[in-house]
Amino acid sequence: MELAAAALGTLVALALATFYFVYAAWLSPAATRRRLQKAGFSGPTPSFPLGNLPEIASTLAANSSSGTSPAPAVISSDIHGAVFPYFARWRAAFGKVFVYWLGTEPFVYVADPEFLKRATGGAVGRLWGKPDVFRRDRMPMFGRGLVMAEGDEWARHRHIIAPAFSATNLNDMISLMEETTAKMLRGWDHAVAAAGRSAAVAVDVERGVVRNAAEIIARASFGIEEGGARVFEKLQAMQSMLFRSNRLVGVPLAKLLQLRKTYEAWKLGREIDALLLDIIDARRHAGGGAEKRKDLLSLLLAAGKKDGGKRVMTSRELVDECKTFFFGGHETTALAVSWTLLMLAAHPEWQHALRDELREVTGDGPLDAAALSKLTKMGWVLNEVLRLYPPSPNVQRQALHDVTLTDASSDDEGAPTTVIPKGTNMWIDVVAMHHDEELWGSDANEFRPERFAAGAQGGCRHRLGYLPFGFGGRICVGRNLTGMEYRVVLAMVLRRFELAVAPEYRHAPRIMLSLRPSDGIQLLLTPLAASTNASIKH
Ligand code: HEM
C-alpha cells in the first residue's frame, strides 16, 4: 500500500514537472510570440528549442570564414556589420526594432533611441528589471551583487555603494593606479630593452593593459594583501573559464550539456567566496588599523557603522559586491584604454594633441587629481572611443509587467497602443546606435573626438543615442573610477612612449560579452626622451 502511494506520488511529481517544463519552455513562449506578433513586432522566425541561435551561429561562422584582414594602415571603425552580422542582416530586413529569440526567450531588439524612450520613459525601475536569463548565466561572476540585484534590494545596495565612488575616495586611489601602471610600463621597457635598441618594438598592449586593470580593480576593491592576491588569481581563472565556454543562453536545460564547466565554475566560485569571506571577517575583527584602508570594501564596512547601522551589508552581500566590482570594472576599463591606444596610434595628430595638453596642464612636473580633471581633450578622446568601441556593446532589460507604449506620433489619449508582454527581454544594441548616421551625421564611423567639444552627448541627435554606461537609475556606478583610471594610465603611457600600429596588428573587433580585439593589439613602442617622462604625483 505504502509502496503504491510512493509510486503514485512520484508519478504525480513527474507529471507536474513535465507540465511545468512544457509550459515554461513551449506554451508560455508560444503565447508571448502570438502577443508580440499581434502588437505588430516582426522578426526572424524562431525554431524550437533553439530560437534564432542556429542563424546567429551560422552567420557568425560565415562571417569569420569570409573575413578579410585589412591592411594595418586601414583601420575602419565601421564595425557594426562585423561584430553583429546577424543583427545587421535582420535590421536590413525588419528595421531598428524587431523580435528575435535566444532559445525560448523572446528579445525585443532596439536600435532606435526614440523607441527606447517610449518603452522606458519615466518609470524605468518599476517597469523594467535585469533579464533573469542573464542573471542565471552570470551568477558565478556577479552573484546577487549590484549589477543583477532587483527592486528594494537593488535600491538599498545602490544607496550604500554609490557614495564609495565619490571624488574624494577615488582621489585616494591614484597612487595605487600609478604603482601598478608603473609596473606595466617597466614590462614594456624590458621588451624594448630586450630588443637591444631604443627603436620601436611591437608589444601586445592589450594584454598588459588588461592585467594592469585587473590588478588595479582588485586593489581598489578589497586590497591585495591578506589573501587578496589569491582571490585575484582565482578571479582571473574564473574570468577566462567563463569567457572560454560557449553558452547556449536561453535554451532550456542547456546547462546539463555543460555539466563539467558548470561544476568547475561553481567550485571556483566557492573557493573565491571562502577567501573573500576570510578577508571580510579579518577586517570586521581588526582594530583601528583597518579603518585607514581606502579600498571599496573598507568604505562599505565603514558605511555600515554610520547612520545607526542602516547601511550594514552582510558578509555574503559584500562578497558578491567585491566580485561584481572585479568582473564589472576591469575588462571594461581595460578595453577603453586599449582601444584608445590603438586609435591614438592610428591618429598621431591626436596622440600629439594629448601629449601637448598634458604638458600644458602639468608643465613637465607632477600631476595631481585636480590636474587630471583638466585634461579636457583626453575626456573627448575617452568619449569618442566609448562611442566607436563601447566595451559593453549592449544593455539589457526585462519587462517586469506588461509595458504599454503610446504611439510615437501622437499625444492623443485615444492613440493606438503597443503592449510588450511581461517577461519579454529588451536588447539595446549600443554599437548600432553609436554608429548610426541618422543620429551622428555622415561621419558617424570616423574617429573625431572634437565632436565632444560641444558637450557630453557629442552632438548625438537623441538623448538616448549615446549609452556607453547604460541609462536611467541603473547607469554604471563605477564610471568615475573609470574616468580617473583612464587618465592616470593614459597619461603615464603617453609620457613614456610614442605609439604606432604594428604591421602584425589585424583589426578584427568581436563580441565576447565585451567588445574586444580578436587577437590583442600590437603596437610599435618608441621610448620618448626623459624630459617628457615625468612621473605622476598627487
Ligand atoms: C569603461 C568602463 C565601464 C563601462 C563601459 C561600463 C559599462 C556599464 C554598463 C553598460 C552598465 C549597465 C547599465 C545599465 O544596465 O543601464 C554598468 C553597470 C555597472 N557597472 Fe560599469 N562600466 C565600466 C566601468 C565600471 C567600473 C570601473 C565598475 C566598478 C568598479 C563598474 C561597476 C558597475 C556596476 C556595479 C554596475 C551595476 C549598476 C546598477 O545596476 O546599479 N563599472 N556598467
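The protein chain has the name Cytochrome P450 in an unreviewed UniProt entry, where Lolium multiflorum is given as its organism. Looking at the protein chain in UniProt, the text filed under Cofactor (unreviewed entry) is "heme". UniProt, in its Subcellular location (unreviewed entry) section for the protein chain, records the words "Membrane".

Below, the discussion takes up the site of the ligand. For the ligand, the set of nearby residues contains 25 residues, the closest of which are Gly329, Thr332, Gly470, Cys476 and Gly478. Listing elements by their share of the shell around the ligand, those giving two or more residues are α16 (315-346) and α22 (479-496). In terms of residue count, α16 provides more of the shell around the ligand than any other element does, seven residues in total.

Per-residue pLDDT for the protein chain has a mean of 87; in total, 86% of the residues score no lower than 70. In the predicted assembly, ipTM is 0.99 and pTM is 0.91.

Here we come to the sheet that holds strand β5 (residues 394-399). Sheet strands pair by backbone hydrogen bonding; their relative direction is either parallel or antiparallel. Pairing within the open sheet is mixed, and its five strands lie in the order β1-β2-β8-β5-β3. The open sheet is flanked by β1 (97-102) and β3 (128-129), the only strands paired with a single partner. Alignment of β1 against strand β2 (residues 105-110), held across six bridges, turns out to be antiparallel. Looking across to β2, one finds that Tyr100 is bridged to Phe107.

The next subject is the pairing of strand β11 (residues 514-517). Pairing geometry for strand β10 (residues 509-512) and β11, over four bridges, is antiparallel. Residue pairing in the sheet places Pro509 in a bridge with Pro517 of β11. The hairpin formed by β10 and β11 contains one residue between the paired strands, and Leu513 there has a positive phi angle of roughly 65°.

The UniProt record marks Cys476 with the feature "binding site: heme" (unreviewed entry), using the residue numbering of this structure. Mapping Cys476 onto the fold places it in the loop between α21 (437-440) and α22. Judged by the 19 C-beta atoms lying within 10 Å of it, Cys476 falls in the partly exposed class. Ignoring sequence-local partners within four residues, the contact set of Cys476 consists of Phe469 and Gly470.

Here is what the cut-offs are and how they apply
Residues numbered from 1 in each chain as written. Predicted model: local features only at pLDDT ≥ 70, side-chain atom pairs only at ≥ 80, totals over all residues. UniProt positions renumbered as here; feature names shortened; annotations may be inferred. Near = placed C-beta within 6 Å. Helix = DSSP H or I, 4+ residues; strand = E, 2+ residues; numbered from the N terminus. pLDDT = per-residue confidence, 0-100. Pairing = 2+ DSSP bridges. Buried ≥ 20, exposed ≤ 12 C-beta atoms within 10 Å, placed from the backbone. Contact = placed C-beta atoms within 7 Å.

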